[in-house]
Amino acid sequence: MSDDTTNDQFPDRLSVDPNSPYYNADILARDVGIRFKGAEKTNVEEYCISEGWVRVTAGNAKDRYGNPLTIKVHGPVEPYFKDKAKS
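Residues numbered from 1 in each chain as written. Predicted model: local features only at pLDDT ≥ 70, side-chain atom pairs only at ≥ 80, totals over all residues. Heavy atoms only, no water.

Considering the nonpolar core
Link 1 in the chain: In terms of nonpolar packing, the biggest core is built from 11 residues, these being L14, I27, V32, I34, F36, V44, Y47, V54, V56, V77 and F81.
Link 2 in the chain: The biggest single contributor to this core is strand β2 (residues 32-36), with three residues.
Link 3 in the chain: Among all residues touching V56, those that are not within four sequence positions of it are N43, V44, L69, T70, I71 and V73. (Core = buried A, V, L, I, M, F, W, Y, C linked by side-chain atoms within 4.5 Å. Buried < 20%, exposed > 50% of the residue type's maximum accessible area, 1.4 Å probe, protein only. Helix = DSSP H or I, 4+ residues; strand = E, 2+ residues; numbered from the N terminus. Contact = heavy atoms within 4.5 Å.)

Laid out in structure tokens, this is it:
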């Protein structure tokens, strides 16, 4: 919970789903942006830097529990803090 661990360090894997073991509210509160294959992505549900993939939502489709359907896409992943990019 200290700020020095979340300063500019991203976890290898991060999810926006609160039920996921990779969910981190402290980091998500800082407005994380994702560049995937050099393009800004706004529909990323989860990413993994070391394995090089992101899970993006598949339109408006939902599973039987009401969660958005996702597709895993492979390529270079670059997370960044949007507040740092504006400065």
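Some points on the pattern of salt bridges
Link 1 in the chain: Inspection of every chain in the model, using the stated rule, returns two salt bridges.
Link 2 in the chain: For the salt bridge of E46 with R13, the shortest nitrogen-to-oxygen distance reads 2.8 Å. Of the two residues, E46 is situated in strand β4 (residues 44-48) and R13 in strand β1 (residues 13-15); the sequence distance between them amounts to 33 residues.
Link 3 in the chain: For E46, a relative accessible area of 11% puts it in the buried group.
Link 4 in the chain: A salt bridge links R35 to E78; the shortest N-O distance between them is 3.9 Å. A residue pair is termed long-range when its members are at least 10 positions apart, and R35 in strand β2 and E78 in strand β7 (residues 77-81) qualify at 43 residues.
Link 5 in the chain: Given a relative accessible area of 36%, E78 falls into the partly exposed group. (Salt bridge = Lys/Arg side-chain N within 4 Å of Asp/Glu carboxyl O.)

These results come straight from atomic positions and should not be treated as a statement about function.
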